[in-house]
Each structure stands twice: as structure tokens, then as C-alpha cells.
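# Examining the three-dimensional arrangement
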Amino acid sequence: MDKDGMMNRLAEDVVTLSGAEMVIRALKDQGVAHIFGYPGGAVLPIYDALFAVEGLTHVLCRHEQGAVHAAEGYARSTGKPGVVLVTSGPGATNAVTGLTDALMDSIPLVVLTGQVATHLIGNDAFQECDTVGITRPCTKHNWLVKDVNDLSRVLHEAFQIATTGRPGPVVVDIPKDIQFKKGAYVGPESVSHRTYRPKTEPELGSIVRAIELMAAAERPVFYTGGGIINAGPEASRLLRELVRTTGFPITSTLMGLGAYPASDPQWLGMLGMHGTYEANLAMHDCDVMICLGARFDDRVTGKIDAFSPNSKKIHLDIDAAQINKNVRVDVPIVADAAKALKEMLHFWKTQRRKVNAPALKDWWKQIEEWRGKKSLSYRQSNSVIKPQYAIDRLYELTRDREVFITTEVGQHQMWAAQRFKFEGPNHWMTSGGLGTMGYGLPASIGVQVAHPDALVIDIAGEASVQMTMQEMSTAMQYGLPVKIFILNNQYMGMVRQWQQLLHGGRYSHSYSEALPDFVKMAEAFGCVGLRAEKPGELDDKIREMIDVKRPVLFDCRVDPKENCYPMIYSGAAHNEMVLSDAGDETPEVTEEGKMLV
Amino acid sequence: MNTIADKRTRRHTIAVLVDNEAGVLARVVGLFSGRGYNIESLTVAEVDATAHTSRITVVTSGTPDVIEQIEAQLRRLVPVHRVVNWTTDKPGVEREMALVKVAGQGDKRVEAMRISQVFRARVVDTTHTSFVFEITGGPDKVDNFIDLMRPLGLVDVSRTGVAAISRGPEAM
Ligand SMILES: Cc1ncc(C[n+]2csc(CCOP(=O)(O)OP(=O)(O)O)c2C)c(N)n1
Ligand SMILES: [Mg+2]
């Protein structure tokens, strides 16, 4: 800064910067260390400002969707916001899948898009699109900045809105002329939003009512979700304390895995469409349900009017709109999960609450009976690799180190969720709400950027992984040793399974025809390619994968026809689970159920 | 579900006080279309130029569960200051204005004029063969008036949508 500039700053505490410089300055002031992006005409001034910058690493992805998923992986494994920079038009539209994914799963992202110059907006200019219009329904909030003097305030608001309350993605659309113009920069501390006030403090009355219900419960169950993970590690710690203090059983959604350790005896496994028998039956038969940071999604509830018919329900969520949305609840608590859990524990202790021990003992007896069904068991084979076996081995051979798992979408995702045992939060990254094939590979890159020394594995399907495969190149460029572990069943397995169950076994376009040779493909990228075809060679190959300090594509050839069980068919209730397709008691999917996704 | 849900659909008038920023109306309208809620009428205007606030009044219909969701979803929008349901939260006064054009001659013309007087509608344009009436009132009154004009040569209607405000001394 020149002398005059310095005097100015002292005099008015105002810094004059170009819009592009403001972007960099704001990112630094927000503590951002990494951004994921892809350049283009409408963001060149920002890329220019990035050129010589220190302390801010730009990771060049190979597709804007990849950049957004990478930022999601980064955010979910660190608790910090993920930051993305893309150009106007196709750059912005390519980001839409990632934005929607992050909105559905409540992932904090700040996505900066370039836009054509303000005087061209509305003219169908080259690479113009209505970015704020297109992204309005798939962001928590978005802005088009038309005055450079608004830019720094908007950027700081963007971080605030993305990361507080129920987190989510935001977009700031910055026209090219605004990036060149000079204006006044303000720091994060001077920004306070006019309307945005997320409610985080619980009402103590509802906490007390919740405690009363819990103390009187005969057949209680904790049902927890991604909200616990989003509320930070302290929420997971408090959850553990509350669950252990009460001795109640606990299950969780796909999004909530890791908040409670899977090795603990009170853990029932995941619930929902592919959840365990004991988790779903406990949900169905419970008399008090304590839902913490979950949202009664259709994948979890099954048939909604048969959902847990005899329970009183406590529902903690930071988003008031989730309360009574799908299921009416008895005790709503709108608050930050950590704050609410802290109060619950406090009142439980100071009011000297005791559980109904004899009833709880009977309840556990019942649960053990359900557990005895061993609903995750499968028929092992000596000749082909069963996908379940592959996950089990992957877990066993990596459990002694810090491992982060991402997934694609399909059967492999469900098997990973069912079988991989997560002991802590922020180590499991999967596309839950949107179910985005192609999420896992770029997400693993984002995780590895944040945790360079950890073991990061994308448990993938051969179909999904082809959607964002080009990001292997990103992994190579930045020396990110991600492991892409493909459960290659040569089918869009989840589609094939539904076609078998719902469409008379007519496997319309679900065979993965003309697959690439994944080993050669790995080599073409400069990565390591490995293949396992027989159960006997699996362990050695997995060890080899772990030991290589480079990106690996692992082509694990598994049984092509294996189905994912247990399963609650669409339109069925929790107590109508199907445990396998071996038995002859396989029920029909109802006509109503066929309408559901 | 725990309680027997009330499945009766009812009309509700909801006021939304928003920051008057670009795109805010699109957010509100997009919320209704995106989540499949119904908009029967919509009125928007800036109400405080210095505070940059606009007031959006939406008339919608739904079961109590749906209305509860609509209010919660509206409150979630970042530029929203307040949401008030004049049908359930506080008693409000509602008014709507309509311009109603009726064309005809003879008895029908006389009858249109007579009914307009009963409804205290004003004539704001006249030709030998037509009237334009200006009528103000609650939406039901406006509906009734339009229905009565139908057989008398109704040709065109323009309605403002509902403006609503609470009774008593307090603001929204
Ligand atoms: C982008 C996208 N397109 C389509 C789908 C629908 N879909 C869900 S699972 C699936 C098949 C996935 O196949 P694969 O990756 O091989 O996994 P598998 O089920 O075989 O383990 C498809 C097509 C989706 N979830 N995402
Ligand atoms: Mg497959």
C-alpha cells in the first residue's frame, strides 16, 4: 500500500481495492486456505488476483461439478465451509448439481461465479446465464453484486449464512466489470445482517418436557441424523454422553453415521430402507422416539402413515421448517444440537432423572432378539468376491488408521453404510438427500486436500465413478493419494435390483456395457491400477492399495447379481422388512409403492 | 401420525415483511411453486422507502399442516423480517379493489347499475354501452359482485389482490 493509501486507511479505516482483490482479501479474512475452481472469461480478473497470492491454495478440478463436490468433501471432513470459484454460463450451470447436493445435505459452501459485465446482463451475452435465477432454488441464499462497494459485505454475509443456522450452499455472482472496479473493502467484523437471525438456543420448557418423556419411557430409541455432525464434534460428544447416561438404544440415518461409535453395544446400526432389522423394528415399536438432527425423510420412515404408530416423538432440529413437516411430533425443540444436548444432560442430572430400568431391560431383551436375526448377513462364496465381503475386508484392513470414506450412489453405497464401522464424526461423506452418482471421487479429493496424510477411500460403483472420472487428473496434479475402490458388479446394481423387484426382471439399460479397463485407465492418468477377481487375492491387493502413496483405481470384481438387503420396499412399513430374496415369502411391492421413488 | 390430522382446506391471508432486495419476490413465489403450494392472490409494494422494506400479502389455501409449513418455509428465507397469518395469528382487516367492466343495454344495464349501488361500487368510466365499476371490499364481496355481473354482460375484470392489516393499535 502506498503512503497516501496508508494515510487514507488510518484516517477512515477504509481500504480501496478492486473487486477481484476484494474477493481474495475476503477469503483470507474468512480464514479460507483452499478453494476449488475452474477458470473462464468472466472470472479472469479474480484468477489474475490469485496468481501471485500466498496462503490460499487453488485446486484446479476438471469439471465444475467436481469442484463443488470436492468442496463438499472438504467441508464435511473439516466442519469449515468449502469454497468454489467458477466462471459464468456453463461454469455456473455445471455447478448446479453440486449446489443442489449441498442444499439437500446441509453442507456449507460459498460458490463464487463470474458473470458478464453489468451493462450486458439481460442481453444474451456470450456465456451469460441467469445464475441467481437458476441457483435460487438450490442455494440457501444467493446474490448478484451490482455495486463494487457492496461486494465485501456480501462476501462476508455469504460466509455467515452458509455456515450458521442450518448450513447450506450460497452463490455470489460477480459481474466482470465489478471485478475490475475499485471500491471500499470492509472486514468481516463490520458486517451484521439485517434480517438473518438463526435460532440456536433451546426453549427450556421443551427440554424439560423431553426429559420427562425420556424418564418415563418403556421402549425408547434415539434416532439421530446429519444435524449432529453439522453441529460439530461437541454435539457428537454430548450425544454419546446422553446415550450412555440413559442406556437407550440408538440408530441413525445415512447422514448421521459416525456421530455415535458403531462399535458400541447400544448402537443398532443404520435405519431406513436398507437399515438393520433391529433399528427399524425399534423405531416401529418404540414408545418414545428421540429424533435429534434428522428430518423424517421418506428413505427413513417408509410408509408414512404406518410410521412408529405408538410413540411420543421428540424432535430437535435447528430448522423450524422440519418440525411437523412429514410427521407430527409431541415435543419440538428448535435449537443448535450441541446447545440442546447440553441442556438435556444438565436437566437430566440436576433433576436426578432415572430411567425406567425394568422396562428398559425388557426392551433390550426384545432388541437382542431382533439382533439375533443378523439382518446384515450374506452368503459367502469361495469363487466370487461378494461385495459385502469386500467392504468387510476393506474395513478390517484399514481400521487401525485414520480413514475417511466417501461413496458414490447405489448398492455399494448402502453396503458401505451398513458394514463400515464409523467411530467418529466427519469421516463419512456420502450424497444422502440428492443421491448424486459421481459425488464420491471428487469428494475424496476435497477430503484429501484437507487431510493430506489420512487414508481417503471412495467406495465406488463402476457406473457412478464414470460420471466424474476425469478428476483422477486433479488427484495426480496435486499428489493426492485417494483410493477409488470400485465394487465392479458390471451393473447399475441398484437399478437392476429395483428392476428385478418391481419390473419383472426386465433389465432395461442397467447393464454397464462397454466398460473401460479400469487398470489401464488408471495408468493412462498416471495413477496406479489394481484388480482383484477372487476372494483369495483381495487382502493382498487391498494392502497394496493402502501402501501405495499415489492415487489408486481399484477394480474389485464382485458378484454381478448380489442384491442389497435388508430392504423395506417402497410403500411398506418398518415392520415389513424383507431380509433376503432367498426365501419364498418375498412380498409383492404394492401398486402404491411402485409410484414411489 | 400421532394426532388425527385436520384435513380441511381453508383460505389464509399471510403477510410477509421483506427486505426490498433484488429477487425477493421471486424467492417467495418460487417457494410456493417449488413446493406445490397454491397462490390465490398476491399483492406486493414497498411500504417503507427508508427502511427498504416491502410487504407481500399472499392469499393461499391449505390444511392446517400445509399452512404451518408455508409459514415456516417463508420464515426460512433470508430476507424475510416477519410472517403473520391474518387468518389464525391475529384478527386482520382485508380489502381488495377490483375494476369490473360490464357491457350491455336496456334492462341489464339498469340492473347492473342497481346492484353496483347495493355494493357501493363506483362508476369510473361510462359509455352508452358499458360501465367500469370500481369495487372495494373483502375478497368474498368482490367475488359476489363479479358473479352477479356475469349474466349482465361482464366483459373484463382486474383485481388488485388482497391488502391486509391487523385490527387495533399495533403494527404487524
Ligand atoms: C446422477 C445420477 N443419475 C442417475 C441416478 C440413478 N441411479 C441410482 S443408483 C444407480 C446405479 C449406480 O450404479 P453403480 O455406480 O454401478 O453402483 P451399484 O448400484 O452397482 O453399486 C443409478 C443409475 C443417480 N442416483 N444419480
Ligand atoms: Mg455397479
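Because the structure is a prediction, the values reported are computed rather than measured. (Residues numbered from 1 in each chain as written. Chains lettered and ligands numbered in written order. Predicted model: local features only at pLDDT ≥ 70, side-chain atom pairs only at ≥ 80, totals over all residues. Heavy atoms only, no water.)

### What to know about the pairing of strand β5 (residues 92-103) of chain B
All names here are of chain B. As paired elements, β5 and strand β8 (residues 154-166) share ten bridges and run antiparallel to each other. Bridge pairing in β8 places Glu96 opposite Val162. Across eight bridges, β5 lies against strand β7 (residues 130-137) in antiparallel orientation. If you follow Glu96 over to β7, its bridge partner there is Gly137. (Pairing = 2+ DSSP bridges. Helix = DSSP H or I, 4+ residues; strand = E, 2+ residues; numbered from the N terminus.)

### What about the interface of chain A and chain B?
Between chain A and chain B, the residue contacts involve 24 residues of the former and 21 residues of the latter. Here chain A packs against chain B, burying approximately 1,800 Å² in sum over the two surfaces, 44% of which is carbon and sulfur. Taken together, the connections running from chain A to chain B amount to four salt bridges. Inspection of the chain A/chain B interface yields ten residue pairs in polar contact (both at pLDDT 80 or more). Secondary-structure elements contributing two or more residues to the side of chain A that touches chain B are β6 (141-144) and β13 (312-317) of chain A. Grouping the amino acids of the side of chain A that touches chain B by side-chain chemistry returns six nonpolar, eight polar and ten charged. (Contact = heavy atoms within 4.5 Å. Buried area = accessible area lost by both parts, 1.4 Å probe. Salt bridge = Lys/Arg side-chain N within 4 Å of Asp/Glu carboxyl O. Polar contact = N/O pair within 3.5 Å; in protein donor to acceptor, adjacent residues only side chain to side chain. Nonpolar A, V, L, I, M, F, W, Y, C, P; charged D, E, K, R; others polar.)

### Quick notes on the domain arrangement of chain B
All names here are of chain B. Along its sequence, chain B is carved into domain 1 (4-90) and domain 2 (93-165). Centre-to-centre separation of domain 1 and domain 2, based on C-alpha positions: 28 Å. Facing nine residues of domain 1, the contacting portion of domain 2 comprises ten residues. Buried area between domain 1 and domain 2, summed over both chains or domains, comes out near 670 Å², and the portion from carbon and sulfur atoms is 44%. The three residues of domain 1 that bury the most area against domain 2 are Arg11, Thr43 and Trp86, which together make up 48% of that side's buried surface. Inspection of the domain 1/domain 2 interface yields two salt bridges. Ionic pairing is found between Arg11 and Asp140, a salt bridge with its closest N-O pair at 3.5 Å. For the pair domain 1 and domain 2, the interface holds four residue pairs in polar contact (both at pLDDT 80 or more). For the side of domain 1 that touches domain 2, the secondary-structure elements that each account for two or more residues are β1 (10-19), β2 (41-48) and β3 (53-62). (Domains from an automatic or database assignment.)

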